[in-house]
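Residues per chain, in single letters:
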Amino acid sequence: MSVASLQAFYFIASRAPESVSFTEVADMIGSQQSSVHRAIYVLACDGVGKVKGPRCGLVDIADDPYDSRRRQISLTRKGDELAKKHNFILQRRWF
């Protein structure tokens, strides 16, 4: 897993249970949209996106019900459990 994927995961986890958009993640971690897309699709469940290789199953990507051009990212149960195990990192308010 890349550093960008870890940064994206911790930002998404810090906003849970709310969902976030790709743009919000890119703005927060200071990376380009394309890099953020790759990083988040690595965190996603199998069968989502076109990124090749193993997936972590930590986040779910869904269409935004209010804007069809946007996608909303939220934690899966597995991602939520991992975030709770690492809660001490999230409490430091890196974001």
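The coordinates are above.
Definitions and cut-offs
Residues numbered from 1 in each chain as written. Predicted model: local features only at pLDDT ≥ 70, side-chain atom pairs only at ≥ 80, totals over all residues. Heavy atoms only, no water. Axes fitted to C-alpha atoms, helices over the stretch in contact; angles between N-to-C directions. Helix = DSSP H or I, 4+ residues; strand = E, 2+ residues; numbered from the N terminus. Parallel < 35°, antiparallel > 145°, perpendicular 65-115°, else oblique. Left-handed = near helix turned anticlockwise from the far one by under 90°. Contact = heavy atoms within 4.5 Å. Nonpolar A, V, L, I, M, F, W, Y, C, P; charged D, E, K, R; others polar. Pairing = 2+ DSSP bridges. Salt bridge = Lys/Arg side-chain N within 4 Å of Asp/Glu carboxyl O. Buried < 20%, exposed > 50% of the residue type's maximum accessible area, 1.4 Å probe, protein only. Phe/Tyr/Trp six-rings, centres within 6.5 Å; stacked < 30°, edge-to-face > 60°.

Enquirer: Looking at this model, I keep getting lost on the packing of helix 1 (residues 3-15) against helix 2 (residues 22-29). Mind explaining?
Expert: Between two packed helices, both the angle of their axes relative to each other and the distance between the axes serve to describe the pair. Running from amino to carboxyl end, helix 1 crosses helix 2 at an angle of 115 degrees, the nearest separation of the two axes being 10 Å. With respect to each other, helix 1 and helix 2 are oriented roughly perpendicular. Both helix 1 and helix 2 take part in a crossing whose hand is right-handed. In this structure, helix 1 uses Ala 4, Gln 7, Ala 8, Phe 11, Ile 12 and Arg 15 to contact helix 2, whose residues at the interface are Glu 24, Val 25, Met 28 and Ile 29. Across the contact of helix 1 with helix 2, the residue classes tally to 7 nonpolar, 1 polar and 2 charged.

Enquirer: Explain the packing of helix 2 against helix 3 (residues 33-43) to me, please; I cannot follow it from the model alone.
Expert: Relative to each other, helix 2 and helix 3 sit at 110 degrees, their axes nearing to 9 Å. Here helix 2 is positioned roughly perpendicular relative to helix 3, judged by the angle of their axes. Taking contact as the criterion, the partners of Phe 22, Thr 23, Val 25, Ala 26 and Ile 29 in helix 2 are, on helix 3, Gln 33, Val 36, His 37, Ile 40 and Tyr 41. Along the lines of polarity and charge, the residues of the contact of helix 2 with helix 3 split into 7 nonpolar, 3 polar and no charged.

Enquirer: Whenever I open this one, the pairing of strand 3 (residues 71-75) confuses me. Can you help?
Expert: Each regular strand displays side chains that alternate between the two surfaces of the sheet. Across 2 bridges, the pairing between strand 1 (residues 20-21) and strand 3 is antiparallel. Each bridged residue has a counterpart across the sheet, and for Val 20 the counterpart in strand 3 is Ile 73. Pairing of strand 2 (residues 59-63) with strand 3 involves 5 bridges; the strand directions are antiparallel. Note that in strand 3 the partner of Asp 63 across the bridge is Arg 71.

Enquirer: In this structure, what is going on with the side chain of Gln 72? I would like to understand it.
Expert: Topologically, Gln 72 is positioned in strand 3. Discounting chain neighbours no more than four positions away, the residues touching Gln 72 are Ser 19, Val 20, Ser 21, Asp 60, Ile 61, Ala 62 and Asp 64.

Enquirer: For this particular structure, what's the right way to read the pattern of salt bridges?
Expert: Where charged atoms from two side chains of opposite charge approach closely, those side chains can pair. Evaluation of the coordinates by the stated rule reveals 6 salt bridges. The salt bridge involving Asp 63 is made with Arg 71; its shortest N-O contact spans 3.3 Å. Judged by relative accessible area, Arg 71 falls into the partly exposed class, the value being 31%.

Enquirer: In this structure, what is going on with the packing of aromatic side chains? I would like to understand it.
Expert: Two aromatic rings, taken as a pair, are described by how far apart their centres are and by the angle between their planes. All told, the structure shown has 2 aromatic pairs when counted by the stated rule. Aromatic side chains Phe 9 and Tyr 10 sit 5.5 Å apart centroid to centroid with 65 degrees between the ring planes, which places their arrangement in the edge-to-face category. Assessed through its relative accessible area of 3%, Phe 9 is described here as buried. Judged by relative accessible area, Tyr 10 falls into the buried class, the value being 18%.

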